[in-house]
Amino acid sequence: MRDHGEFKFVTRRKKGASHVRTNYDSSISSLPDDDENDNYSNVNYETVFRKVLEAEVELKNSLFADNVFYYLRDSLSALNVSGISNILCYGLGHFSYRRSSKYQLALLLSLKKHYNSKVHVYDPVFSSKEIKLLKGLDCNIIQVNEEGKHLVHNNVTLIYMPHCPTHLINNFLYANWSRKLNKCILLTNSFSVVVDDLKKVNRSTSVDYISRIRSYATEIPLRNSFTCEEAFNDISIHIFLKQDVDTIPESFWNKREEPCYRDEEIDYLTAKQTEGVDAKNSRTKDET
C-alpha cells in the first residue's frame, strides 16, 4: 500500500523528527587531496560505478522513491507545469565510500532519468574518480564554487540538496529572491525543522531568507521509510505556488542584501577555500 497521505502545507515541526544538520561533514574542515580520496575508497572506478547502479535499482524499487515521485507529480500539477527541465544538486559528498551519499546520488540519477532532466552538480569534496564517474553518468560538473548562489532562469528547476548546509540553502534563496521562485522545487532539508531548531538557539536570523520565505512555501514532508535511514531524514519538497507568490508585496523582494555570516561559523567551504580545486577541475573539465 502506498504511503502518500495528504498533500499539505507544513507549519510546524514533525513530532520525533531528528535534528537538522547545522554543520557540514567534519571530514571537509580542510580540503582533501584527490589522491588521498581515491585511495581512501579502496575500490576502483568500475567497482564504484557498479555499486552506484545497484543502489539506483534498490532506491527506485523502494517505497520512499515511490512517495518522492508521487509528491513531485502532485507538485508539478499544483504548479501547472508538465516536467522538470533542470536539476541543480549540491552536497552529495563522497558517494564512492559513504553509504548515505551513494543512495542520495541514486535518487538524483532516478530523478534525472524519470524527467529526462539536465543535471548540474557540485561538491568541493569530490575526488577525481567521483568527477569522472559523474561525467560518465551524463552529469554536468559545475566548475566553480558558487556557494549555493546559482541563478535559475525560466525553466522549471529541481534544487536537490540532501542534508546540505543550511547556509547554502539560504544563499540559493538570496540569489533567486524574486517571483521566479515559482519555477523552483526544493528537495532539501525541511524549512520547518531548520527554522524551528535554529529559533531554539536564537540563530534563526542567520538564515534570514529561509525564515522569511517559509510562510509562503508549501512544504510536503517525505516519510523516511528507506533502509538507509540517514540518507533522507528530515527531507521535504518545497514549492512556491503562484497564488501564494502573487500575494507577496514588491517590498518583500526588494529587501535583498547578500548574506553575511561574519559573526558565526559557516557550515560550507567558501569559494576562496576551494579556488585551487576549482581551477584544477576547470583545466580537466573535458577529460572523461
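About the cut-offs
- Residue numbering note: each chain is counted from 1, following its sequence as written.
- Given that the model is predicted, a residue must reach a pLDDT of at least 70 before its local features are reported, and side-chain atom pairs must reach 80 or more before they are shown or counted; all residues, however, enter totals for whole chains, interfaces and linings.
- Side-chain measures were taken over the full set of non-hydrogen atoms in the model, leaving aside hydrogen atoms and water.
- Paired strands, in this sense, are two strands between which DSSP finds at least two bridges.
- Helix and strand assignments follow DSSP, with helices taken as H or I runs no shorter than four residues and strands as E runs no shorter than two, numbered in order from the N terminus.
- In this description, contact between two residues means that some pair of their heavy atoms is separated by no more than 4.5 Å.
- Every axis corresponds to a line fitted to the C-alpha atoms, with the helix fit spanning only the stretch in contact, and the corresponding angles, defined between N-to-C directions, vary from 0 to 180 degrees.
- Scored between 0 and 100, pLDDT is the confidence that the predictor attaches to each residue.
- Relative accessibility under 20% of the residue-type maximum defines a buried residue, over 50% an exposed one, and the middle range a partly exposed one, all with a 1.4 Å probe and only protein chains included.
- The handedness of a crossover follows from its direction of travel: if, with the strands pointing away from the viewer, the path from the first strand over the helix to the second runs clockwise, the crossover is right-handed.
- Salt bridges are identified by distance alone: a Lys or Arg side-chain nitrogen within 4 Å of an Asp or Glu carboxyl oxygen.
- Here is the rule for angles: anything less than 35 degrees is roughly parallel, anything more than 145 is roughly antiparallel, 65 through 115 is roughly perpendicular, and the remaining ranges are oblique.
- In this analysis, the expected span of each helix is defined as 1.5 Å times one less than the number of residues it contains.
- Definition of a polar contact: a pair of N or O atoms within 3.5 Å, with one able to donate and the other able to accept a hydrogen when the atoms are protein atoms, and with sequence-neighbouring residues admitted only if both atoms are side-chain atoms.

Novice: Quick one: what's the story with the sheet that holds strand β3 (residues 140-141), residue by residue and with numbers?
Specialist: Read from one edge of the open sheet, seven strands run β3-β2-β1-β4-β5-β7-β6, paired in mixed fashion. Looking along the sheet, the strands with just one partner apiece sit at the ends: β3 and β6 (218-221). Bridge count between strand β2 (residues 118-122) and β3: two bridges; the pairing is parallel. Counterpart to histidine 120 in the pairing with β3 is asparagine 140. Most of the contacts of helix α7 (residues 191-200) go to strand β5 (residues 184-189), to which it runs at about 50°, and overall it touches β5, β6 and β7 (235-239).

Novice: Would you mind going over the confidence of the model for the chain in detail, with residue names and values included?
Specialist: Of all residues in the chain, 80% attain a pLDDT of 70 or more, and the chain-wide mean is 84. Under a pLDDT of 50 for its full length, residues 1-30 has, in the predicted model, 70 contacts with residues more than four places off or in other chains.

Novice: Go over the pairing of β6 with me, naming the residues and quoting the values.
Specialist: On β6, burial covers both faces: Thr218 and Ile220 on one face and Glu219 and Pro221 on the other are all buried. Here β6 runs beside β7; their pairing, made up of four bridges, is antiparallel. The partner of glutamate 219 across the bridge, within β7, is histidine 238.

Novice: Before we move on, can you summarise the pairing of strand β1 (residues 86-90) with the specific residues and values?
Specialist: Taking burial as the measure, the five residues of β1 include five buried ones, the bulk of the element. Side chains Asn86, Leu88 and Tyr90 of β1 all project onto a buried face; the interleaved residues Ile87 and Cys89 project onto the opposite face, where all are buried too. Bridge count for β1 against β2 is five bridges, and the pairing is parallel. Bridged to asparagine 86 within β2 is lysine 118. Each parallel crossover has a hand, and for β1 linked through helix α4 (residues 99-115) to β2 it is right-handed. The pairing of β1 with strand β4 (residues 157-161) spans four bridges and is classified as parallel.

Novice: Describe the pattern of salt bridges, and please don't skip the residues or the numbers.
Specialist: Tallied over the full model, the rule gives ten salt bridges. Across the salt bridge formed by glutamate 230 and arginine 99, the nearest N and O atoms sit 3.8 Å from each other. Here the residue glutamate 230 occupies a position in the loop between β6 and β7, and arginine 99 occupies one in helix α4, the gap between them amounting to 131 residues. Residues participating in the shared-partner salt-bridge network are Glu147, Lys149 and Glu258.

Novice: Before we move on, can you summarise the packing of helix α2 (residues 45-60) against α4 with the specific residues and values?
Specialist: Two numbers describe how α2 lies on α4: the axes approach to 8 Å, and their chain directions differ by 70°. What the angle tells us is that α2 and α4 run roughly perpendicular. In this structure, α2 uses Lys51, Val52, Ala55, Glu56, Glu58, Leu59 and Lys60 to contact α4, whose residues at the interface are Lys102, Tyr103, Leu105, Ala106, Leu107, Leu109, Ser110 and Lys113.

Novice: Can you tell me about α4, naming the residues and giving the values?
Specialist: Because an α-helix packs 3.6 residues into every turn, residues spaced three or four apart end up facing the same way. If you check α4, its first and last C-alpha atoms are 25 Å apart, about what 17 residues at 1.5 Å a residue would give, namely 24 Å. Buried residues dominate α4, accounting for 14 of its 17 residues. Backbone geometry just downstream of α4 places asparagine 116 in the positive-phi region, at approximately 50°.

Novice: Quick one: what's the story with α2, residue by residue and with numbers?
Specialist: If you check α2, its first and last C-alpha atoms are 23 Å apart, about what 16 residues at 1.5 Å a residue would give, namely 22 Å. When α2 is considered as a whole, its buried residues turn out to be Tyr45, Thr47, Val48, Val52, Ala55, Glu56 and Leu59. Those residues of α2 that are buried are in contact with α3 (63-79), α4 and α5 (128-136).

Novice: Got a sec to walk through the environment of glutamate 147? Specific residues and values, please.
Specialist: Topologically, glutamate 147 is positioned in the loop between β3 and β4. C-alpha separation for the pair glutamate 147 and leucine 168, spaced 21 residues apart in sequence, amounts to 6.3 Å. Not counting residues within four places of it along the chain, the set of residues in contact with glutamate 147 comprises Leu168, Asn171, Tyr268, Thr270 and Ala271. In this structure the side chain of glutamate 147 is engaged in a polar contact, spanning 2.7 Å, whose partner is the backbone nitrogen of alanine 271.

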